Every structure is written in C-alpha cells, then in structure tokens.
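# Notes for the structure review
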Number of protein chains: 2
Amino acid sequence: MRADAKKNYEHILAVANVVIAEHGVDASLRDIARRAGVGLGTLYRHFPTREALLEALLRASFDEFTTKARILETASSPDDALVSWLREVVEFTSNYQGVVDVMMAAKEDPESALHASCITMRTAGTKLLARAQAEGLARIDMDGDDLFSLAAALAWLSNQPSSAPRADHLFSIIASAILTNRAGSDFRA
Amino acid sequence: MRADAKKNYEHILAVANVVIAEHGVDASLRDIARRAGVGLGTLYRHFPTREALLEALLRASFDEFTTKARILETASSPDDALVSWLREVVEFTSNYQGVVDVMMAAKEDPESALHASCITMRTAGTKLLARAQAEGLARIDMDGDDLFSLAAALAWLSNQPSSAPRADHLFSIIASAILTNRAGSDFRA
DNA sequence: ACCTGAACACCGTTCAAGT
DNA sequence: ACCTGAACACCGTTCAAGT
C-alpha cells in the first residue's frame, strides 16, 4: 500500500470510530468521508461495504474476546467464566449502537465481511458453554447459536434507552436462565 | 371527514398494511403513497408521522391484547395466563419487522403516537405478572417494564433470520426465567 | 376541505476524469 | 495507484398552487 493510501486508510478508520460512536452503525458514510477530508470514492476504495468498515473497526476487539475466553477457561469456574465472558461481550457490543442487528445478519451470510468475526465469537462462546454444561452448571438444551442469540438480545436491550437503565438486571435474569436448569428446561417444550 | 378523504384514509391504511408487511416498519412512505395512487402530501395529511400511521395500523390489535389479558386473568392459572399472553404478544409483534424498536422508543416518548399503546400493553402485562407473583409463580424482582423489555427482546429475536428458527426455544428459556425463581434471582446481584 | 407534486436537503453507490 | 467529485436513483418532509 502506498504511503498516502495507508494514511488515508487509517485516518478514515479513526474518524469512523468517532462518527459511529456518535450516530451508531448507520452513520452517514458521506459524513465520515467529509469529516475525514477525503473523497467519497476513497472511502469506498478502502472499504467497499459498510460491513468492511465495521470489520476493520471491530476485528481487534473480537480477537481479544477469543483470547479472553481462553484465559477464563483455565482461570475461573465454568459458570463464572461463561457469565463473565458474556457480560463483557454484551457490554462491549452495546457501545456500538445497531451493531447487533448487523452481526445477526452477518452470521448467516458467508459473503459478509463480518461473517468470520461472528463465527469466531460463536466458537469462543460455545466452548465456554460446553464446559459449563459438562459439569451440569448450564442447561443442556442450548447450543452456541442460542448463546449468541441471547447475548445479542441483551446487547440490543442495553442499546434501547427504555431498557438500558435495567440492563444489568435483565442480564441477571437471562443469565440465571442459562445457568440454572432445575427442571425449568422442559417448560412448555 | 369528507367522503373522499375518508376513502383515501382507508385506502392508504390498507396499502400500508401490505407494504409494511413486505418491507417492514421502515418501508418507504413514498412507495406507500405511490401504490395507493395518492399524492405524498395526502399521506402526510392523514398521518403526520410514521408512528401515526403505525398507530392506526396496530391500535385495534393492541386493544385486543388488553381484553385477552382480562379473559386470561379469570380463565387460566396465573402462570399459564402470563406465558400464553406473552407468547401471543411476541408472535403478533414479530409479524411487523422493526416495530419493536419503534415501540421501545415510543414507550419513553409521551409525544409519540404509539405511546398510549405501549402503556396499555405494559399495564395489561403488569397485571398478569403481579397475579403470578402474588402466588409465588413468577420471580418477584421484576416489574412490568422488565416484562415489556423481555417481550420486546423475544420479538426482536423472532425477527432475526438468524434466531427465528429457534424462536420457540428461546421463548421457553426466557419464560422459564420469568416463571421459576428458585434462588436464581440473586445471581451476581 | 382536501389533494397534488415540485422543491429542498439529505442518502448510498458508481465511475469518468484527473494526478 | 490512488484520489476526486459529479451523477444517478432513491429517501423524508414541507408547502405553494390548485380543485
């Protein structure tokens, strides 16, 4: 990559981070290019789709969650590890308004630039879940996709002004459903 | 209302129902006006905001949920009544893609045309919840707003292609969290 | 009273023209 | 190689002009 191109690439990314933090994932790409002092075509050259931009913005953090899962797997009890990890994922995700909708769609779309990140997250979560399940600490009628979905739902709730104040409480309600299985699993099955 | 105006009003509503079923709550208003064979200004005259249009579209169904709650309150056991009602609300809401986002926002905004409908729903749910709580069948650390939030989250999940196939299962997981309290409530409180 | 559609200020996306 | 910005096809919203 040419030096000027690299500079543009990184500057766009920095500006995008600010603008998306402000206006959410649907922020105007025109606005980002404008505030970056760059032509609209330049933004599209570096990030051909909105998801490509998001991917560049979030990849590092997603990788961190994978290593964090590995650490928790050896450092904490299975149930604590699962819940702590879930809490961090939800908290991080809720910093990017609207990103959960994009992630949920990207998980099903192999063409999406965010697809790999979704699978990465699901894999990390699945391992923590399976470990808790193996010790009878998590309900067995759940898989990694269910965990992904519940995490997404919690992040979505954290992003709604209406439920954000009670986000912690809603988290604990759903966490208790995941962790304790005591005959609740066959309810209206 | 003049006869021609009334005819327009109702025709717009009918077309909107179709278009919104097809493209979700963010459907193009221009498109609705076009397909209704009506000027864009006419649509705005009858429905000054998108939420006013949604309100006209959904009010009847929301009222039904209130009467349905009243019936369940005398016809079923407290836990069955709560869960059955919740299930119907979630199922209905998930027919209108994106409406949960609008509802969550409208609940906090007294100026929204949908605000009253939100409060109506919350009130109906709160009564069913309180009745179950009074008999020890639902966790006590929850209020009507929490119930509203969980219902919204479930409807949101039902709307995501990624989680829709497991929507029933996710419903039962969260329902079990609401219904059975067995010491799970103080988890990580 | 009610209806119409042009006008305005925004989008996302593409692509010919420049350096 | 890379950048620019005009061009195109869409929006939501408003409002002067018509009947």
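Residues numbered from 1 in each chain as written. Chains lettered and ligands numbered in written order. Predicted model: local features only at pLDDT ≥ 70, side-chain atom pairs only at ≥ 80, totals over all residues. Heavy atoms only, no water.

### Comments concerning the overall build of chain A
Heads up, the rule is: Counting from the N terminus, the helices are the DSSP runs of H or I reaching at least four residues and the strands are the DSSP runs of E reaching at least two. Here's how the labels work: a residue is buried when its accessible area is under 20% of the maximum for its type, exposed when over 50%, partly exposed in between, all with a 1.4 Å probe on protein chains only. The contact rule is simple, with two residues in contact once any of their heavy atoms fall within 4.5 Å. Note that accessible areas follow from Shrake-Rupley with a 1.4 Å probe, and for residues the cover is restricted to the protein chains shown. Under the convention used here, Asp and Glu are negative, Lys and Arg are positive, and both His and the chain ends fall outside the count. A single reference atom marks each charge: NZ on Lys, CZ on Arg, CG on Asp, CD on Glu.
A count of helical and extended segments in chain A gives nine helices and zero strands. For chain A, the α and β elements follow one another from N to C terminus as α-α-α-α-α-α-α-α-α. Overall, chain A is about 60 × 35 × 30 Å in size when its C-alpha atoms are taken along their principal axes. A total of 189 residues make up chain A; the buried ones form 51% of that total. Within chain A, contacts between residues at least 6 apart in sequence are counted, and of these 65% link residues at least 24 apart. For chain A, the accessible area works out to roughly 8,700 Å², and carbon and sulfur atoms hold 51% of it. Here chain A holds 20 positive side-chain charges and 25 negative ones, and the gap between their average locations is 5 Å.

### Things to note about the UniProt feature "domain: HTH tetR-type" (unreviewed entry) in chain A
Short version of the rule: UniProt positions are given in the numbering used here, feature names are shortened, and annotations may be inferred rather than shown by experiment.
The sites that carry the UniProt feature "domain: HTH tetR-type" (unreviewed entry) are, in the present numbering, residues 6-65 of chain A. Across residues 6-65 of chain A, helical content stands at 80% and strand content at 0%; the span's end C-alpha atoms are separated by 27 Å.

### Looking at the packing of helix 1 (residues 3-23) of chain B against helix 4 (residues 50-75) of chain B
All names here are of chain B. The condition that has to hold: Geometry is summarised by axes, namely lines fitted to C-alpha atoms with helices restricted to the contacting stretch, and by angles between N-to-C directions that run from 0 to 180 degrees. Just so you know how the angles are binned, under 35 degrees is roughly parallel, over 145 roughly antiparallel, 65 to 115 roughly perpendicular, and the rest oblique. Each residue receives one of three labels: charged for Asp, Glu, Lys and Arg, nonpolar for Ala, Val, Leu, Ile, Met, Phe, Trp, Tyr, Cys and Pro, and polar for the others, Gly being one of them.
It is the contact of helix 1 with helix 4, at a shortest axis distance of 10 Å, that shows an interaxial angle of 90°. Our classification of the angle between helix 1 and helix 4 gives roughly perpendicular. Listed contacts from helix 4 to Tyr 9, Leu 13, Ala 16, Asn 17 and Ile 20 of helix 1 are Leu 53, Leu 54, Ala 56 and Leu 57. Broken down by class, the residue content of the contact of helix 1 with helix 4 amounts to eight nonpolar, one polar and no charged.

### Some details on the protein's contact with DNA strand C
In plain terms, the rule: If a single non-hydrogen atom of a residue is within 4 Å of a molecule or strand, that residue counts as near it. What qualifies as a polar contact is a pair of N or O atoms within 3.5 Å, subject to a donor-acceptor requirement within protein and to the restriction that residues adjacent in sequence count only when both atoms come from side chains.
Taken together, 22 residues sit near DNA strand C, with Arg 30 and Tyr 44 of chain A together with Asn 8, Gly 39 and Thr 42 of chain B positioned nearest. The protein-proximal atoms of DNA strand C, defined as those within 4 Å of the protein, are 58% sugar or phosphate. Between DNA strand C and the protein, one listed contact pairs a sugar or linking oxygen with a side-chain N or O atom of Ser 28 of chain A at 3.3 Å. Within the side chain of Arg 30 of chain A, one N or O atom sits 2.4 Å away from a base nitrogen of DNA strand C. Of all the elements in the fold, those that place two or more residues in the surface near DNA strand C are helix 2 (29-35) and helix 3 (40-46) of chain A together with helix 1 and helix 3 (40-46) of chain B. When residues in the surface near DNA strand C are grouped by element, the largest group, five residues, is from helix 3 of chain B. Partitioned by chemical class, the residues of the surface near DNA strand C number eight nonpolar, seven polar and seven charged.

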